[in-house]
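# Summary of the model geometry
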Amino acid sequence: MLLAKLWRDFVELVFPAVCSSCRAGLLPEEEMICITCRLNFPLTHFHRFPTQNAMFDKFKGRLPIALAAAFMHFNENGIAQKLSHQVKYRGNQQLGILLGRWYGNQLLQTDINSQFDCLVPVPLHRQRLKQRGYNQAACFAQGISQVVGLPLREDLVARIKMTSSQVGMDKQQRLQNIADAFEVTAKEQVSQLRILLVDDIVTTGATIEACAMPLVKAGCQKIGVLALANV
Ligand SMILES: [Zn+2]
């Protein structure tokens, strides 16, 4: 026991834990994100108005969704960008799960539990998944699942087309780039389900739209969208 504690103290001395957002040293009771950053999360509170918010409006006339909500607003160099970068490019899967758990606690104030059957993270192409080793949207969805209790389903839809990076593309280019990128892999099951799609960042909504359309065509009962951040 004493040895384990000494070892832990030693590791913390050599590799002090820092905040995933501002890089300040963490207090022992802080988990991955310092309390100052946590209090400054640019929360959207969209879950309180799930059919009347900026993210829901992106899908109006494009996708028959029942609701849309995001944990945070995305700003250039803001907290959401720093955190999502850590999850997506720096291998910090635990941070993705933690953010999902925190969002899950907010979502407990809603009735999404009874409104939906499962959480479906927007899938990566298997080659991309192999490169990165994990799906950042699935980390976030896993955290939400742990708190709200809806099961995670990663077997319903697959990404069958590798798309080039969407950074710098306009809405039309994004739509074209991602058209036909997804395919339903369990049609019969999908037709019985009310599905909550989960992604990390929603920009134009082109990826969500491309992923949701085949699910809608396969006859899913209902579609909703959750994201870590809305641009
Ligand atoms: Zn911080």
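Read on for an overview of the structure.

Rules used in this analysis
- Residues numbered from 1 in each chain as written.
- Predicted model: local features only at pLDDT ≥ 70, side-chain atom pairs only at ≥ 80, totals over all residues.
- Helix = DSSP H or I, 4+ residues; strand = E, 2+ residues; numbered from the N terminus.
- Rg over C-alpha atoms; globule rule 2.2 N^0.38 Å.
- Contact = placed C-beta atoms within 7 Å.
- Axes fitted to C-alpha atoms, helices over the stretch in contact; angles between N-to-C directions.
- Parallel < 35°, antiparallel > 145°, perpendicular 65-115°, else oblique.
- Left-handed = near helix turned anticlockwise from the far one by under 90°.
- Buried ≥ 20, exposed ≤ 12 C-beta atoms within 10 Å, placed from the backbone.
- Core = buried A, V, L, I, M, F, W, Y, C linked by C-beta atoms within 7 Å.
- Domains from an automatic or database assignment.
- Expected span 1.5 Å × (residues − 1).
- Pairing = 2+ DSSP bridges.
- Right-handed = clockwise from strand over helix to strand, strands pointing away.

Counting its regular elements, the chain contains 11 helices and six strands. Relative to a compact globule of 231 residues, whose C-alpha radius of gyration would be 17 Å, the chain shows 18 Å and is just as compact. Pairs at least 24 apart in sequence give 73% of the contacts found in the chain among residues at least 6 apart.

For the pair helix H5 (residues 93–107) and helix H8 (residues 136–148), the least separation of the axes is 6 Å and the interaxial angle reads 40 degrees. Our classification of the angle between H5 and H8 gives oblique. As H5 packs across H8, the resulting crossing turns out to be right-handed. Each of Gln 93, Gly 96, Ile 97, Leu 98, Leu 99, Gly 100, Arg 101, Tyr 103, Gly 104, Asn 105 and Leu 107 in H5 lies in contact with H8, whose residues at this interface are Gln 136, Cys 139, Phe 140, Ala 141, Gln 142, Gly 143, Ile 144, Gln 146, Val 147 and Val 148.

What follows covers the environment of Trp 7. Within the secondary structure, Trp 7 is located in helix H1 (residues 2–14). A count of 10 C-beta atoms within 10 Å places Trp 7 in the exposed class. A sequence separation of 94 residues divides Trp 7 from Arg 101, and the C-alpha atoms of the two residues are 29 Å apart.

Let's shift gears to the nonpolar core. One finds Ala 70, Ile 144, Ile 195, Leu 196, Leu 197 and Val 198 to be the most contacted residues of the largest nonpolar core, which totals 63 residues. A domain split of this core shows at least three residues from each of domain 1 (1–40) and domain 2 (41–230). Beyond its immediate chain neighbours, meaning those up to four positions away, Val 198 contacts Leu 119, Val 120, Pro 121, Val 122, Ala 137, Phe 140, Ala 141, Ile 144 and Leu 226.

Time to look at helix H11 (residues 206–217). For H11, which comprises 12 residues, the first-to-last C-alpha distance of 17 Å matches the rise-based estimate of 16 Å (1.5 Å per residue) to within 8%. The buried count for H11 comes to nine of 12 residues, which makes it a mostly enclosed element. For H11, every residue scored as buried is listed here: Ala 206, Thr 207, Ile 208, Glu 209, Ala 210, Cys 211, Ala 212, Pro 214 and Leu 215. Positive backbone phi, approximately 90 degrees, marks Gly 219, located one or two places after H11.

What follows covers the pairing of strand S5 (residues 194–202). Every other side chain in a regular strand lies on the same face of the sheet, so the side chains alternate between the two faces. Counting buried positions along S5 gives seven out of nine residues, so the element sits mostly inside the fold. For strand S2 (residues 118–121) and S5, the ladder comprises four bridges, and the chain directions are parallel. The residue bridging Cys 118 from the neighbouring strand is Ile 195, located in S5. With respect to chirality, the unit in which S5 leads through H11 into the neighbouring parallel strand S6 (residues 222–230) is right-handed.

Another aspect to go through is the environment of Pro 64. Residue placement: Pro 64 occurs in the loop between helix H3 (54–58) and strand S1 (67–73). Along the sequence, Pro 64 and Ala 212 sit 148 residues apart, while their C-alpha atoms lie 9.3 Å from each other.

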